[in-house]
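Here's the letter readout for the chains.
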Amino acid sequence: MKRLDTVLLGIVFIVWSALALMYATVPMIQMATAFRVWGFGAMLFLVLAILAAGAKRGSK
Amino acid sequence: MTKTKSKLIAGTRNLNPGDKNLLLAFFSIAVLALALGIVFATMTAAGRTGLFGIESATAYRMLGLHGVTIFFYWLYFVQAGFVLLLAAVYTEGAGEVALRPLAWLGFVTMLAGMVSSESSYFGGTILLYDGNPSLLIDDPSEGRFFYLGYVLLSAGLAMVATCAIATAVRPKFRGVIESWTPISFAAVAWSGLLLVAAVAGANAFLPPLFWTLGLRESVAGYAMSWSVLFHNMHYLPLMATVVLWYVLMENVTGMQSVFGPKFSKIVFAIYMIFVPPTSLYHMFLEPDLAEAVRVVGSLLSLFIAVPTILVFVVIVASLESYARAQGGRGLFGWIKLLPWRNPVMAAVGMAAVNMALGGVFSMVLIQERLAVLLSDTFYVPGYFHFLTVGGISLTFIAALIYVIPSLTGHRCWRPAVLARLPYILTIGLGLFGAGGIAAGYHGVPRRIFELAYHVDDPVEHIDAPFVWGTMMGVIGAGSLLMAAVLAIYVYALLRMLFSQNREIGVDVASLYVVSWSGSAATRERAWVGPLSILAMVAAMYGFTALSFEILQRVPILVGAAGH
């Protein structure tokens with residue numbers, strides 16, 4: 001339970017990053033500028049995962 | 001009556017006055033937006049069905065205002081309030097909203113956005129809620145305030161979501177907690193998706209705003225940018241709804257998930273994982289989309305309902321287990337033990353039914369070959385009102401019935417009346433939905449108000465099908481019933497916001513509930529949740545097959561636009 005928050009948010013980061021990369025690099029999907037949105041989301045969930053992990057180390 | 005030990009009520013009451021004022025501001029504007037949306041909806045329905053005289057051009061404008069007011073401002077003001085509330089109440093050690101001045105700035109920015117969007121209709125804009133800039137080719141300046149409103153809404157939402165995340169994260173950094181509760185985790189994920197939606201909003205609406213201001217030559221790729229935003233806008237209220245079901249059921253029955261808090265967190269995380277991959281189906285109406293992408297998009301779209309179904313199963317299985325531990329018998333007999341006299345329980349119960357109906361019909365629409373045929377017909381409003389009114393809005397209203405009196409200290413207005421409204425609303429939805437879906441199969445267009453036409457051909461005279469008028473009559477009756485019920489809800493919420501009358505209504509903590517917390521429920525049978533899903537899948541298959549059968553027999557010329 002302690003690490004679950006970080007692990008789950010990290011998985012979201014990985015999936016969103018992969019999708020953002022695919023949207024950016026596969027023109028056939030016609031979602032090139034969606035890369036900005038999903039890419040931002042990936043970075044956001046990475047930050048949240050880091051926050052959750054960092055906070056855990058600092059907790060009593 | 002059983003006295004409830006509701007964490008939601010107690011936690012809300014314990015918030016400091018500053019936070020209460022902030023949350024009341026969000027919920028008051030949400031109720032105002034709901035009230036305006038109902039008025040615009042009634043005018044739109046009048047234009048479509050001829051209930052009373054209204055010009056088509058005016059009715060079209062009312063449709064635009066209805067979509068903007070409900071889909072953007074009602075749903076996002078109410079979400080902003082709840083995401084802050086849940087982060088503050090369900091994060092142990094939080095106690096208050098973090099960065100409250102930023103949250104107030106977010107509120108003011110969102111409110112400015114609402115004023116800007118609504119006022120654009122009085123300035124002559126002809127845009128519908130999707131803001132398609134190609135409609136402004138003749139005079140782009142007509143869309144300035146429309147797009148400005150959406151950009152301000154996006155900016156405000158980003159501020160509010162940041163505050164909600166800060167509220168949940170702060171106790172971790174202070175060392176008060178090691179991990180979030182499932183609801184706190186859901187609030188963080190929900191806030192994250194709100195932030196992403198805000199970026200998607202800026203991505204979609206800044207280019208047309210600059211274009212209408214004369215700062216750029218044209219707007220390229222709007223359909224795709226809108227699709228990404230629109231996809232987020234599907235998911236956000238759905239996620240909010242199931243999180244609130246989870247919260248409300250815990251508060252009216254005392255149950256905890258029989259699958260444990262870890263599984264609940266995993267399910268809420270699955271919501272986030274399934275958001276981006278399922279977005280492809282919004283592109284189905286783009287004529288030059290590759291066939292392989294259409295097939296992959298169709299397959300991925302089948303997964304869109306998975307997280308919602310998982311939460312539904314978790315909640316229903318937990319309720320059934322607890323009810324059986326209390327002596328509930330028979331496949332469905334345990335359902336009678338639920339506190340149906342509580343207006344919150346009645347609303348959530350019917351919201352689940354309506355969501356299931358909407359889910360079944362939405363699965364028909366997102367099939368690649370059916371999307372092209374049905375997307376510009378009345379099928380679309382026919383099915384999605386089950387989701388937006390009967391599922392999502394009804395759940396938000398249920399939660400407001402608990403939360404507003406807890407914030408104001410006022411009484412809950414006539415719970416016996418409120419407990420009956422969800423059933424009447426569902427009858428209205430049934431009429432509207434059945435009429436709308438049938439009208440869609442018969443080709444009734446969804447954004448054209450003057451349905452009559454006549455072609456004087458030398459060989460034959462062609463008129464609009466007679467059955468179109470009949471269906472519009474059914475849709476009109478359903479619309480009026482829905483509007484009447486929602487108007488009563490708005491009145492009740494306004495009473496809870498502003499009336500200090502101590503004689504009408506009851507203390508919200510005295511609403512009828514059952515207290516099943518602590519009862520052994522883990523070894524009980526729970527089949528209704530999984531059986532409901534099987535029934536839903538069968539219905540989806542059946543209606544998809546039926547749709548193919550119907551539409552293969554109809555000679556149709558297609559010229560579709562995105563939805």
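Small disclaimer: the values here were computed from a predicted structure and weren't measured. (Residues numbered from 1 in each chain as written. Chains lettered and ligands numbered in written order. Predicted model: local features only at pLDDT ≥ 70, side-chain atom pairs only at ≥ 80, totals over all residues.)

Engineer: Provide a residue-level description of the overall build of chain A, including the pertinent values.
Structural biologist: Per the secondary structure count, chain A includes two helices and zero strands. Split into buried and exposed, the 60 residues of chain A put 42% on the buried side. Put simply, 59% of the contacts in chain A that link residues at least 6 apart link residues at least 24 apart. (Helix = DSSP H or I, 4+ residues; strand = E, 2+ residues; numbered from the N terminus. Buried ≥ 20, exposed ≤ 12 C-beta atoms within 10 Å, placed from the backbone. Contact = placed C-beta atoms within 7 Å.)

Engineer: Tell me what's going on with the overall build of chain B, and back it up with residues and numbers.
Structural biologist: A count of helical and extended segments in chain B gives 17 helices and two strands. Here chain B has a C-alpha radius of gyration of 23 Å; the compact-globule value for 563 residues is 24 Å, and the two agree. Dimensions of chain B, computed from C-alpha atoms along their principal axes, come out at roughly 80 × 55 × 50 Å. When the 563 residues of chain B are sorted by exposure, 56% land in the buried category. For chain B, long-range pairs separated by at least 24 residues make up 85% of all intrachain contacts whose partners lie at least 6 apart in sequence. (Rg over C-alpha atoms; globule rule 2.2 N^0.38 Å.)

Engineer: Describe the environment of E286 of chain B, listing the residues and the values that go with them.
Structural biologist: Inspection of the secondary structure assignment puts E286 of chain B in the loop between α8 (260–274) and α9 (291–301). Given 15 C-beta atoms within a 10 Å radius, E286 of chain B is considered partly exposed. Through-space distance from the C-alpha of E286 of chain B to that of A223 of chain B is 8.6 Å; in sequence the pair is 63 residues apart. In this structure E286 of chain B touches Q30 of chain A together with A223 of chain B, once residues within four positions along its chain are discounted.

Engineer: Can you lay out the confidence of the model for chain B for me, pointing to particular residues and giving the numbers?
Structural biologist: Averaged over every residue, the pLDDT of chain B is 89; the share at 70 or more is 95%. In the predicted assembly, ipTM is 0.92 and pTM is 0.93. (pLDDT = per-residue confidence, 0-100.)

Engineer: Tell me about the interface of chain B and chain A, residues and numbers included.
Structural biologist: With 33 residues of chain B in contact, the opposing surface of chain A contributes 31 residues. Sorting the residues of the side of chain B that touches chain A by element identifies α5 (144–173), α6 (182–212), α7 (222–253) and α8 of chain B as the ones contributing at least two each. Ranked by the residues each element gives to the side of chain B that touches chain A, the list is headed by α6 of chain B, at eight residues. In the side of chain B that touches chain A, the residues fall into 22 nonpolar, six polar and five charged. (Nonpolar A, V, L, I, M, F, W, Y, C, P; charged D, E, K, R; others polar.)

Engineer: Talk me through the packing of α5 of chain B against α6 of chain B; I want residue IDs and the actual numbers.
Structural biologist: Residues and elements named next belong to chain B. Between α5 and α6, the shortest axis-to-axis distance is 8 Å and the interhelical angle comes to 155°. When the interaxial angle is binned, α5 and α6 end up roughly antiparallel. Where α5 crosses over α6, the two elements pack in a sense that is left-handed. Here the contact of α5 with α6 is composed, by residue class, of 23 nonpolar, five polar and one charged. (Axes fitted to C-alpha atoms, helices over the stretch in contact; angles between N-to-C directions. Parallel < 35°, antiparallel > 145°, perpendicular 65-115°, else oblique. Left-handed = near helix turned anticlockwise from the far one by under 90°.)

Engineer: So what about unusual backbone geometry? Which residues, and what values?
Structural biologist: All names here are of chain B. Residues other than glycine seldom take positive phi values, yet L99 does so here, at roughly 55°. Inspection of the secondary structure puts L99 in the loop between α3 (56–90) and α4 (100–122). Look at R414: it is not a glycine, yet its phi comes out positive at around 35°. Among the structural elements, R414 can be located in the loop between α13 (379–408) and α14 (415–418).

Engineer: Go over the nonpolar core, please, and point to the residues and values.
Structural biologist: Residues and elements named next belong to chain B. Core analysis: the biggest nonpolar cluster contains 218 residues, and F77, V83, L84, L157, A187 and L193 have the highest contact counts within it. Here this core takes 22 residues from α3, the largest share from any one element. With near-sequence residues (within four places) excluded, L157 lies in contact with Y76, A80, M110, L194, A197 and A198. (Core = buried A, V, L, I, M, F, W, Y, C linked by C-beta atoms within 7 Å.)

Engineer: How would you summarise α7 of chain B if you had to cite specific residues and measurements?
Structural biologist: Taking 1.5 Å as the rise per residue, α7 of chain B with 32 residues should run 46 Å; its terminal C-alpha atoms sit 47 Å apart, in good agreement. Looking one or two residues beyond α7 of chain B, the residue adopting positive phi is G254 of chain B, at roughly 80°. (Expected span 1.5 Å × (residues − 1).)

Engineer: Explain the environment of T388 of chain B to me, and be specific about the residues and the numbers.
Structural biologist: Residue and element names in this part refer to chain B. The residue T388 is located in helix α13 in this model. The exposure class of T388 is buried, given the 20 C-beta atoms found within 10 Å. Spatially, the C-alpha atoms of T388 and L236 are 12 Å apart, while their sequence positions differ by 152 residues.

Engineer: Give me the packing of α3 of chain B against α7 of chain B: which residues, what numbers.
Structural biologist: Residue and element names in this part refer to chain B. One way to put it is that α3 packs onto α7 with a least axis distance of 11 Å and a crossing angle of 45°. Our classification of the angle between α3 and α7 gives oblique. Relative to α7, the crossing made by α3 is left-handed. Side by side, α3 and α7 meet where L75, Q79, F82 and L86 of the first sit next to L236, P237, A240, L244 and V247 of the second. Residues of the contact of α3 with α7, tallied by class, amount to eight nonpolar, one polar and no charged.

Engineer: Just give me the short version of helix α1 (residues 4–25) of chain A, but keep the residues and values in it.
Structural biologist: Because the α-helix completes a turn every 3.6 residues, residues three or four places apart line up on one side. Compared with the 32 Å implied by 1.5 Å per residue over 22 residues, the 32 Å span of α1 of chain A between its first and last C-alpha is a close match. Every buried residue of α1 of chain A is accounted for by D5, L8, L9, V12, F13, V15, W16, L19, A20 and Y23 of chain A.

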